[in-house]
Amino acid sequence: MKSGQSPIILWFRRDLRLSDHPALAAAVRSRRPIVPVFILDDQVQSLGAAPKWRLGLGLKAFAQSLEQTGSRLILRQGDALDVLCDLIEETGAGAVFWSRAYDPDAINRDKRIKAILAGQGTEVRSFAGHLLFEPWTIATKAGQPFRVFTPMWRSVHGRDVPSPELAPARLTAPQTWPATDQLVDWRLDQNMRRGACVVQPFVRPGEAAALDQLDGFLERIDKYREQRDRLDDVGTSDLSEYLALGEIGPRAIWHRVQNAGWTGASGSETYLRQLVWREFAYHLMYHWPDLLTNNWKSEWDAFPWNTDPDVPEVWAWRRARTGVPVVDAGLRQMYVTGRMHNRARMIVASYLTKHLMTHWKIGADWFADCLTDWDPAANAMGWQWVAGSGPDAAPYFRIFNPMTQRERFDPNSEYLHRWVAEGCTDPSATALAYFDAAPRSWGLSREDLYPDPVVNLREGRARALHHYKTRKDQ
Ligand SMILES: Cc1cc2nc3c(=O)[nH]c(=O)nc-3n(C[C@H](O)[C@H](O)[C@H](O)COP(=O)(O)OP(=O)(O)OC[C@H]3O[C@@H](n4cnc5c(N)ncnc54)[C@H](O)[C@@H]3O)c2cc1C
């Protein structure tokens, strides 16, 4: 029997936090008992190795913060609708709340669940939280979705962003807790093979760590505009992993950074602009869900990409053995830390799609397996932007020259030294760690010589330009 005081099931997904959480705040305001749940459904199961492993760490940290509020995180596995129906029956819950997701699979799943549960008399409410501006709330003057970043930035940057809610100190528990799975039994780390123990020291999961990371960044935000592209410096915020799992909310970041700007911090405006790139990616994915799988500009379908993921040069790229040091450095940084500097992402993506003329989807899939900050929208947009097939993309003739990129953004080769060991008399521990992170099946050894380039950079560039130009002239 459902009453006004029946529990609310709070279905957590990419929102593993207590503050800046509109769905949780609404549940707390209702004064009803709350049953927090995370469901291991097919969509979670299909995550790549590194994001899935990182999710496991995030869930552990989040369960601990819930315990400090007198609550628990209930873990269940299976089809999300079946799990929610079971929990409604077991707990007598009268409502299910969640934060909205915007990728096509999640939208379809959530719509179906909402319709069925509502039909059975359960109150179902979804809330904002993952974004600053939900995709349907912003449009061009003609009422169309934005296809270009700068006009979208101009349209949103003076808008009010709701203030983030404070974390609740206590959550009302249900009279009896439903049974929960054990996180270790989910084996979210099983595909990380050797990588996990290498990546672990570079990860600080959880909301408290995210807020601490933001505090640390605000102390050096003045450097952001000048340093954000430098490969050799800690110029960026490193918040992407937290944003991807929702361990921090974008509203909280927006307000803290905006306040820093009002009190004189330079770099604040540049940083907010980057946050809006994330919004742009979600805007595109929502309005054009094909962004995740197909060339956004269909004329690129005729481009002669290599679509074979198993040719030797693509394997050399995956193994970070292309013979181009800055490309290999970026890929190794990802393998060892789970993240890669944005500048390096652009360099390695340009090299794969242009010098190796390989379809961006192959690179995007590899990132989806290796990045702990993997985000469906930002990843697809980033790859299509670099390849030239995406909205507001880099023009076809913009082919990053890895050598000049390295000279500009790593002038003293510090980044190279950090990530490439071969040929170095005094290799760094991080560079050596790559050999521990790589799967044994790759057969790599610290004693290996550095490989010759898999393509001559000049020839690779000329080949790509020739094909781009031919396509353009057709
Ligand atoms: C090929 C390619 C793939 C990418 N894949 C991902 C991905 O899977 N997940 C991901 O979060 N980002 C991705 N990015 C975007 C960007 O590289 C990262 O967001 C950034 O490196 C994260 O580091 P940071 O938090 O220190 O960034 P900061 O410079 O501190 O930026 C702050 C925040 O703004 C957002 N942001 C910054 N730049 C971008 C951008 N270009 N696109 C979208 N959002 C941005 C991120 O949320 C980031 O945390 C990709 C970029 C490229 C070129």
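Model, not experiment: these values are computed from the prediction. (Residues numbered from 1 in each chain as written. Predicted model: local features only at pLDDT ≥ 70, side-chain atom pairs only at ≥ 80, totals over all residues. Heavy atoms only, no water.)

A.B. asks: Quick rundown of the overall build of the chain? Include the residues and the values.
C.D. replies: Regarding its fold elements, the chain presents 22 helices and five strands. For a compact globule of 474 residues, the expected C-alpha radius of gyration is about 23 Å, and the chain comes in at 23 Å, within 12% of that figure. Along the first, second and third principal axes, the C-alpha set of the chain runs to 70 × 55 × 45 Å. For the chain, buried positions account for 57% of its 474 residues. If you take every contact in the chain between residues at least 6 apart in sequence, the share linking residues at least 24 apart comes to 80%. Here the chain contributes 58 positive and 57 negative side-chain charges, whose respective centroids are spaced 4 Å apart. (Helix = DSSP H or I, 4+ residues; strand = E, 2+ residues; numbered from the N terminus. Rg over C-alpha atoms; globule rule 2.2 N^0.38 Å. Buried < 20%, exposed > 50% of the residue type's maximum accessible area, 1.4 Å probe, protein only. Contact = heavy atoms within 4.5 Å. Lys, Arg positive; Asp, Glu negative; His and termini not counted. Charge placed at Lys NZ, Arg CZ, Asp CG, Glu CD.)

A.B. asks: Requested: an account of the site of the ligand, with residues and values cited.
C.D. replies: Around the ligand sit 27 residues in total, of which Tyr224, Thr236, Ser237, Asp238 and Asn342 are the nearest. Between the ligand and serine 237, the relevant distance is 2.6 Å, taken from an oxygen atom to a side-chain nitrogen or oxygen of the residue. In the environment of the ligand, an oxygen atom lies 2.7 Å from a nitrogen or oxygen atom belonging to the side chain of asparagine 342. The fraction of the free accessible surface of the ligand (820 Å²) that becomes covered by protein chains is 94%. Among the elements of the structure, helix 11 (240-245), helix 13 (268-287), helix 16 (342-355) and helix 18 (376-387) are those that each provide at least two residues to the shell around the ligand. For the shell around the ligand, the residue count by class is 15 nonpolar, seven polar and five charged. There are two domains that each give the shell around the ligand at least three residues, and those are domain 2 (131-161 + 195-287) and domain 3 (298-473). (Near = heavy atom within 4 Å. Polar contact = N/O pair within 3.5 Å; in protein donor to acceptor, adjacent residues only side chain to side chain. Areas by Shrake-Rupley, 256 points an atom, 1.4 Å probe, with all protein chains shown as cover. Nonpolar A, V, L, I, M, F, W, Y, C, P; charged D, E, K, R; others polar. Domains from an automatic or database assignment.)

A.B. asks: Give a description of the packing of helix 6 (residues 149-156) against helix 13 that names residues and reports values.
C.D. replies: With their axes 10 Å apart at the nearest point, helix 6 and helix 13 run at an angle of 115 degrees to one another. With respect to helix 13, the axis of helix 6 lies roughly perpendicular. In terms of crossing hand, the pair formed by helix 6 and helix 13 is right-handed. Counted together, Phe149, Thr150, Met152, Trp153 and Val156 of helix 6 and Glu269, Leu272, Arg273, Val276, Trp277, Glu279, Phe280 and His283 of helix 13 form the full contact between these two elements. Grouping the amino acids of the contact of helix 6 with helix 13 by side-chain chemistry returns eight nonpolar, two polar and three charged. (Axes fitted to C-alpha atoms, helices over the stretch in contact; angles between N-to-C directions. Parallel < 35°, antiparallel > 145°, perpendicular 65-115°, else oblique. Left-handed = near helix turned anticlockwise from the far one by under 90°.)

A.B. asks: If you had to explain helix 18 to someone new, which residues and values would you point to?
C.D. replies: Relative to the 16 Å expected for twelve residues at 1.5 Å per residue, helix 18 spans 17 Å between its end C-alpha atoms, a close match to the ideal helical length. Across the twelve residues that make up helix 18, a large majority, ten, are buried. Turning to helix 18, its buried residues number three or more, namely Pro376, Ala377, Asn379, Ala380, Met381, Trp383, Gln384, Trp385, Val386 and Ala387. For helix 18, the secondary structure elements touched by its buried residues are helix 13, helix 14 (312-318), helix 16, helix 17 (360-370) and helix 22 (457-473). Where helix 18 begins, one side-chain oxygen reaches toward the backbone nitrogen of alanine 377, 3.0 Å away; that side chain belongs to aspartate 375. One or two positions beyond helix 18, positive phi appears at glycine 388, with a value near 105 degrees. (Expected span 1.5 Å × (residues − 1).)

A.B. asks: I'd like a description of the environment of alanine 209, backed by residues and values.
C.D. replies: Secondary-structure assignment places alanine 209 in helix 9 (residues 207-219). Considering only alpha carbons, one finds alanine 209 and arginine 318, 109 residues apart in sequence, at a separation of 30 Å. Setting aside residues no more than four positions away along its own chain, alanine 209 makes contact with Arg204 and Tyr242.

A.B. asks: I'd like a description of the packing of aromatic side chains, backed by residues and values.
C.D. replies: With the rule as written, the count across this model stands at 29 aromatic pairs. Measuring from centroid to centroid gives 5.0 Å for phenylalanine 367 and tryptophan 383, while their planes differ by 70 degrees, and the two rings are edge-to-face. Here tryptophan 383 lies in helix 18 and phenylalanine 367 lies in helix 17, a separation of 16 residues in the sequence. Seen from the ring of phenylalanine 97, arginine 125 lies directly overhead, with NZ or CZ sitting 5.2 Å from the centre. (Phe/Tyr/Trp six-rings, centres within 6.5 Å; stacked < 30°, edge-to-face > 60°. Lys NZ or Arg CZ within 6 Å of the ring centre and 35° of its normal.)

A.B. asks: Account for the pairing of strand 2 (residues 34-40), naming residues and giving values.
C.D. replies: Across the seven residues that make up strand 2, a large majority, seven, are buried. On strand 2, burial covers both faces: Ile34, Pro36, Phe38 and Leu40 on one face and Val35, Val37 and Ile39 on the other are all buried. In terms of handedness, the path from strand 1 (residues 8-12) via helix 1 (residues 22-29) over to strand 2 forms a crossover that is right-handed. Across four bridges, strand 2 lies against strand 3 (residues 74-77) in parallel orientation. Note that in strand 3 the partner of leucine 40 across the bridge is glutamine 77. (Right-handed = clockwise from strand over helix to strand, strands pointing away. Pairing = 2+ DSSP bridges.)

A.B. asks: Go over the pattern of salt bridges with me, naming the residues and quoting the values.
C.D. replies: As enumerated under the stated definition, the model contains 23 salt bridges in all. Across the pair glutamate 241 and arginine 54 runs a salt bridge whose closest N-O atoms are separated by 2.5 Å. With glutamate 241 in helix 11 and arginine 54 in helix 3 (residues 49-68), the pair connects residues that are 187 residues apart, well separated along the chain. Each member of the pair, glutamate 241 as well as arginine 54, is classed as buried. Across the pair arginine 100 and glutamate 134 runs a salt bridge, and its minimum N-O distance is 2.8 Å. In this pair, arginine 100 is assigned in the loop between strand 4 (95-99) and helix 5 (104-119) and glutamate 134 in the loop between strand 5 (123-127) and helix 6, connecting sequence segments 34 residues apart. (Salt bridge = Lys/Arg side-chain N within 4 Å of Asp/Glu carboxyl O.)

A.B. asks: So what about the UniProt feature "site: Electron transfer via tryptophanyl radical" (unreviewed entry) in the chain? Which residues, and what values?
C.D. replies: Sites flagged by UniProt as "site: Electron transfer via tryptophanyl radical" (unreviewed entry) map to Trp305, Trp360 and Trp383. Over a stretch of 79 residues, the named residues converge on one spot in the fold, their C-alpha atoms separated by at most 13.9 Å. Secondary-structure assignment places tryptophan 305 in the loop between helix 13 and helix 14. Other than its neighbours up to four places away in sequence, tryptophan 305 contacts Asn295, Trp300, Thr353, Met357, Thr358, His359, Trp360, Ala387 and Tyr468. Contact partners of tryptophan 383, with chain neighbours within four places excluded, come to Trp317, Ala349, Leu352, Thr353, Trp360, Gly363, Ala364 and Phe367. (UniProt positions renumbered as here; feature names shortened; annotations may be inferred.)

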